[in-house]
Amino acid sequence: MSLLALQDALQDHILGRGGDIADHLEAPRGVNANARLNVYHYAYRARLRDLLREAFDKTWSWLGDEAFDGAVTAYVETRHSASFSLDDYSAGFPAFLAQQLPQEIEANELAWLERAMRKAFDGPDAAPLDPSRLAMLDDAAWDRARFAFHPTLVVRPVRAHLGSLWAGIESGDTFIPLAVEAGLSVRVWRKGLQPHFRMIAVEEDRALEQLMQGLTFAELCARLPAADGVEPVERAGAMLAVWLQDELIVSLED
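Here the structure is a predicted model, which is why all the values come from computation and not from measurement.

What counts and how
- Residues numbered from 1 in each chain as written.
- Predicted model: local features only at pLDDT ≥ 70, side-chain atom pairs only at ≥ 80, totals over all residues.
- Heavy atoms only, no water.
- Axes fitted to C-alpha atoms, helices over the stretch in contact; angles between N-to-C directions.
- Helix = DSSP H or I, 4+ residues; strand = E, 2+ residues; numbered from the N terminus.
- Parallel < 35°, antiparallel > 145°, perpendicular 65-115°, else oblique.
- Contact = heavy atoms within 4.5 Å.
- Nonpolar A, V, L, I, M, F, W, Y, C, P; charged D, E, K, R; others polar.
- Expected span 1.5 Å × (residues − 1).
- Buried < 20%, exposed > 50% of the residue type's maximum accessible area, 1.4 Å probe, protein only.
- Arc of directions from axis to C-beta.

**Considerations on the packing of helix 11 (residues 202–212) against helix 13 (residues 232–245)**
Piece 1. For the pair helix 11 and helix 13, interaxial distance at closest approach is 12 Å and the crossing angle is 80°. The angle between helix 11 and helix 13 places the two elements in the roughly perpendicular class. On helix 13, the residues that touch Glu 203, Glu 204, Ala 207, Leu 208 and Leu 211 of helix 11 are Arg 235, Met 239 and Trp 243.
Piece 2. Classifying every residue of the contact of helix 11 with helix 13 gives five nonpolar, no polar and three charged.

See the structure below:
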């Protein structure tokens, strides 16, 4: 057997695809070749399970050992690593978990959030916009102004109160989570060197989506309705102040 064929057979054995390799290996007297091969077979799966536990530790805490390990085992047995980076292996787990446990809304959204936070941490850098640039804009410039947002920014509607859920799990204390409900969203981004997330209203979610698609700030103001006696321009201005504070905006385009 050639070296390449031997390597392919070893990979097949490790991945559970069969592979007649034991007869082609030399082993010291008294040592079973299959037993030695099985060390690699199980070590591969154990490493992937450990990786998922590390990557989704809050999801694990929420679900508990039995449910989480069941989902992890099913994922490892059906999804083999196809990248040189082990971090890439965890990318498909949130979607897989949602298929396996569709009723576990909190767990599914926690898994998505943990993966999004990891992606934000590894994402590209971008310096935040200096707010003083906005102070220099005249009315005509404001009418044309478009914002470019941090490349790690992602926004998603959710049903779980992920902020309180995350804080409760981190505290280690027993807590009663808020009931899931419609009308919530979460945004994830990196500020400086650290990933962050913030629970936001659906209105801010929609505003960010429109601005990220190229809507001007003036057009956003025109589309926002008045609410609770607050004019659209004031409401848009309040959102803008938070975005600047959170360093979401990285450049100004007109």
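The structure having been displayed, the exposition proceeds.
**A word on helix 13**
Piece 1. Here helix 13 contains 14 residues, and its C-alpha end-to-end distance of 20 Å stays within 8% of the 20 Å for a straight helix at 1.5 Å per residue.
Piece 2. The set of residues buried in helix 13 consists of Pro 232, Arg 235, Ala 236, Met 239, Leu 240 and Trp 243. In a view along the axis of helix 13, the buried residues occupy a sector of 140°, so they form one face of it. More than 90 degrees from the buried face of helix 13, the exposed residues found are Val 233, Glu 234 and Gln 245.
Piece 3. Just downstream of helix 13 lies Glu 247, where phi reads positive at about 60°.

**Looking at the environment of Glu 204**
Piece 1. Here Glu 204 shows up in helix 11.
Piece 2. Sequence separation between Glu 204 and Val 155 is 49 residues; the distance between their C-alpha atoms is 9.6 Å.
Piece 3. Not counting residues within four places of it along the chain, the set of residues in contact with Glu 204 comprises Arg 187, Met 239 and Trp 243.

Worth remembering: the numbers are spatial, not functional.
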